[in-house]
Structures are given as C-alpha cells and as structure tokens.
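# Close look at the chain arrangement
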Amino acid sequence: MYSIEEFEKEKAKVMNYIMYKKRTIQEVKNKFQSTIQKDLLCDIIEYVKEAGYLNEKDYVKRAVNEFMALKTLSIREMQYKLYQKGVPKDLIEDYFYEHTDEMEEYEKASAQKIVGKKQATLENEEIRNYLMKKGYKERIIKEVLECKTY
C-alpha cells in the first residue's frame, strides 16, 4: 500500500504530464509504469479520469480536429494515429461513424490538395497509387481524379 503523501506527490507528476499536453490513458501508463508502482498508478489514473482531466472521447475529438486543421490525412491514417496513442478502437469507430459526412468531406478536400500538389510531376496512375497507399477510399480517389483540372 502507499501513503497519502506518496499519492499526492505522484499525482502531481502525472498532472504535470497531462496538463502540458492532452494525453491518453495508455500514454500516461507508458510514461509512468516504470517509476510508479502499478496499483498507485491505477488509482491516480482513476482519480484523474473522475476529475475530468483524462477523457479519451474528448481526446479523439481534439486530435481529429487538430489533424484536420494541420494535415492532409485520410480517415484511415487518422484512425491509425489514434490507435497508436492507445485510444480504444470502439471510441475511434464511434467518433468516425457519428461524423461520417464531415469526415468524408474532409477526406475529399485532403485528396484534392494532394492531387493539386502532385499533378505537375506525377501521372494519374502514380497519384492514384499514392492516395491508395495513404488509405484514401477508392470512390474518393476516382471522384477527385475525374474532377482534376489541368
């Protein structure tokens, strides 16, 4: 078992870590698993979750908005980045299902930006292969390449 002082001291470290940048539960576990005993870390994570500082549903929303604002990614790439952060698969799938139309519009615009950049140096088939490799949907690739202007 551990003391209240130890709990507060270790909780402060965890809070500093998650206040610097929003984190997932898995990121917190990975960071502190070797320095904080397991039962203490679990209790701290539970406390922080109940206090509202660790909310994976909110994390998904923030991360997706950040991806959309800063990058040109396919839906599949966004999902993969979230899986890598340890976000539960069902939360990711639920978010993308609830925002299907918005995500499809974003993916189409993202693909159009990529085509705009690549069309001067690559043939249609090369652009198509590039987009496929990045995880863009076949339907969106076809639509974007057919609408491409020279």
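Structure: above.
Not measured: the values here are computed from a predicted model.

### Digging into the nonpolar core
Residues Val 14, Ile 18, Val 28, Phe 32, Leu 41 and Leu 54 are the most contacted members of the largest nonpolar core, which totals 16 residues. Elements that contribute at least two residues to this core include exactly helix H1 (4-20), helix H2 (25-32) and helix H3 (38-50). The contact partners of Leu 54, leaving out residues within four places of it in the chain, are Ile 18, Arg 23, Thr 24, Ile 25, Val 28, Ile 45, Val 48 and Lys 49.

### Looking at the environment of Lys 29
Among the structural elements, Lys 29 can be located in helix H2. For the pair formed by Lys 29 and Asp 43, sequence separation is 14 residues and the distance between their alpha carbons is 12 Å. The contact partners of Lys 29, leaving out residues within four places of it in the chain, are Leu 41 and Ile 45.

### With respect to the side chain of Arg 23
With respect to the helices and strands, Arg 23 occurs in the loop between H1 and H2. Despite being buried, Arg 23 has no salt bridge partner; Glu 27 is the closest side chain of opposite charge, sitting 4.7 Å away. Within polar-contact distance, the side chain of Arg 23 engages the backbone oxygen of Tyr 17 at 3.2 Å. Only 3.3 Å separates the side chain of Arg 23 from the backbone oxygen of Lys 21, close enough to count as a polar contact. Setting aside residues up to four positions removed in sequence, Arg 23 forms contacts with Tyr 17, Ile 18, Val 28, Leu 54 and Tyr 59.

Cut-off values and rules
Residues numbered from 1 in each chain as written. Predicted model: local features only at pLDDT ≥ 70, side-chain atom pairs only at ≥ 80, totals over all residues. Heavy atoms only, no water. Core = buried A, V, L, I, M, F, W, Y, C linked by side-chain atoms within 4.5 Å. Buried < 20%, exposed > 50% of the residue type's maximum accessible area, 1.4 Å probe, protein only. Helix = DSSP H or I, 4+ residues; strand = E, 2+ residues; numbered from the N terminus. Contact = heavy atoms within 4.5 Å. Lys, Arg positive; Asp, Glu negative; His and termini not counted. Salt bridge = Lys/Arg side-chain N within 4 Å of Asp/Glu carboxyl O. Polar contact = N/O pair within 3.5 Å; in protein donor to acceptor, adjacent residues only side chain to side chain.

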